[in-house]
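Chain by chain, the residues:
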Amino acid sequence: MLELLEEGFQEVAWLDSDILVTGDISLTLKSLNDDVIVVTEECLKSQEVQGDGNGLRASFWGFPVGRAVPFPLNSSVMRVTRHHIPLLRRWKELIESTSYQKTQKLPDDRRPLHMFSDQDVLTALLCSKEFDDIPIKILRRGRDIVQYFGSLGFTLRERLSYFIWGMPAFVHQQ
């Protein structure tokens with residue numbers, strides 16, 4: 001995304017390779033101001049274990065907390081613009097850092113919360129004072145995206161809401 005923006009593209013959308021698109025995604029991404037970043041809500045299982053209501057990830061990195069989100073963010077579907085180049089550069093810098101790279105060699109159960117994956121670093125940055133001025137549009141689990149991760153990947157309540165709101169535009173088969 002960063003490379004494309006630096007080449008001159010005004011807007012870039014990212015979809016992980018395990019995303020299924022079930023409808024017109026332009027409805028999800030249209031009419032957004034240039035400063036709005038789009039990310040998704042993390043799957044339910046990860047929220048129970050690794051919620052981020054207090055800006056924990058930002059704190060663990062040593063960043064002053066500028067905002068908190070009630071759950072970790074997921075980078076499986078993203079929309080960024082040239083406005084987000086400083087955020088993307090900082091994200092790249094942190095995931096290329098020696099400490100982050102060293103941590104990625106540890107088993108999952110030994111990685112600290114703020115360095116579990118690259119999206120935990122993104123959550124930390126978006127909750128930090130440095131980037132708290134960036135408006136976030138969060139694609140909500142069950143309504144905008146199915147975060148299919150085991151038995152909690154598409155709950156009964158989410159399945160019932162399908163009859164009211166329709167199928168989410170994205171299915172993430174983690």
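How each quantity is defined
Residues numbered from 1 in each chain as written. Predicted model: local features only at pLDDT ≥ 70, side-chain atom pairs only at ≥ 80, totals over all residues. Heavy atoms only, no water. Phe/Tyr/Trp six-rings, centres within 6.5 Å; stacked < 30°, edge-to-face > 60°. Buried < 20%, exposed > 50% of the residue type's maximum accessible area, 1.4 Å probe, protein only. Lys NZ or Arg CZ within 6 Å of the ring centre and 35° of its normal. Pairing = 2+ DSSP bridges. Helix = DSSP H or I, 4+ residues; strand = E, 2+ residues; numbered from the N terminus. Axes fitted to C-alpha atoms, helices over the stretch in contact; angles between N-to-C directions. Contact = heavy atoms within 4.5 Å. pLDDT = per-residue confidence, 0-100. Polar contact = N/O pair within 3.5 Å; in protein donor to acceptor, adjacent residues only side chain to side chain. Parallel < 35°, antiparallel > 145°, perpendicular 65-115°, else oblique. Left-handed = near helix turned anticlockwise from the far one by under 90°. Nonpolar A, V, L, I, M, F, W, Y, C, P; charged D, E, K, R; others polar.

A.B. asks: What exactly am I supposed to notice about the packing of aromatic side chains here?
C.D. replies: Given two aromatic rings, their pairing is described by the distance between the two centres and the angle made by the two planes. Under the defined criterion, the tally for this structure stands at one aromatic pair. A centroid spacing of 6.0 Å and a plane angle of 5° characterise the contact between tryptophan 61 and phenylalanine 63, whose relative ring orientation is stacked. Each member of the pair, tryptophan 61 as well as phenylalanine 63, is classed as buried. Lying across the ring of phenylalanine 116, arginine 111 places its NZ or CZ 5.6 Å from the centre.

A.B. asks: For this particular structure, what's the right way to read the sheet that holds strand E3 (residues 37–41)?
C.D. replies: Two modes of strand pairing occur in sheets, parallel and antiparallel, and in both the strands are linked by backbone hydrogen bonds. Pairing is mixed across the open sheet formed by four strands, whose spatial order is E1-E4-E3-E5. The open sheet terminates on both sides in strands that have one partner only, identified here as strand E1 (11–15) and strand E5 (136–139). Each strand axis lies, on average, 20° off the axis of its neighbour in the sheet, ignoring direction. By the bridge criterion, four bridges tie E3 to E5 in an arrangement that is parallel. The residue of E5 that forms the bridge with threonine 40 is leucine 139. Packed on one face of the sheet, helix H7 (residues 118–127) meets E3, strand E4 (73–81) and E5 and runs near 60° to E4.

A.B. asks: Help me understand the sheet that holds strand E2 (residues 19–21) in this model?
C.D. replies: With mixed pairing, three strands are arranged side by side in an open sheet as E2-E7-E6. Whereas interior strands pair on both sides, the edge strands pair on one side only; in this sheet they are E2 and strand E6 (145–148). Pairwise comparison of adjacent strand axes, ignoring direction, gives a mean angle of 15° for this sheet.

A.B. asks: What exactly am I supposed to notice about the confidence of the model for the chain here?
C.D. replies: Detailed conclusions should not be drawn from predicted coordinates in areas where pLDDT is low. In this model, the chain carries an average pLDDT of 89, and 93% of its residues clear a pLDDT of 70 or more. Averaged over each element, pLDDT in the chain is lowest for helix H3 (residues 44–50) (54) and highest for helix H5 (residues 85–95) (98).

A.B. asks: Explain the side chain of threonine 103 here, please?
C.D. replies: Looking at the secondary structure, you find threonine 103 in helix H6 (residues 98–103). Looking at threonine 103, its side chain comes within polar contact range of the main-chain oxygen of serine 99, at 2.8 Å. With residues near it in sequence (within four places) discarded, threonine 103 still touches Arg111, Pro112 and Met115.

A.B. asks: Quick question: what am I supposed to make of the side chain of histidine 114 here?
C.D. replies: Summarising the element assignment, histidine 114 is placed in the loop between H6 and H7. The class of histidine 114 is buried, set by a relative accessible area of 10%. The residues contacting histidine 114, other than those within four sequence positions of it, are Arg57, Phe60, Trp61, Asp120 and Val121.

A.B. asks: Whenever I open this one, the environment of phenylalanine 116 confuses me. Can you help?
C.D. replies: If you trace the backbone, phenylalanine 116 turns up in the loop between H6 and H7. Note on phenylalanine 116: relative accessible area 22%, which makes it partly exposed. Sequence separation between phenylalanine 116 and leucine 29 is 87 residues; the distance between their C-alpha atoms is 28 Å.

A.B. asks: How should I be thinking about the packing of H5 against H7 in this particular structure?
C.D. replies: Helices that pack against each other are described as a pair by the angle of their axes relative to one another and the distance between those axes. Closest axis-to-axis distance for the H5/H7 pair is 10 Å, and the angle between their directions is 135°. In terms of orientation, H5 and H7 fall into the oblique class. The way H5 lies across H7 gives a crossing that is right-handed. Each of Leu87, Arg90, Trp91, Leu94 and Ile95 in H5 lies in contact with H7, whose residues at this interface are Asp118, Val121, Leu122, Leu125 and Leu126. Considered class by class, the residues forming the contact of H5 with H7 number eight nonpolar, no polar and two charged.

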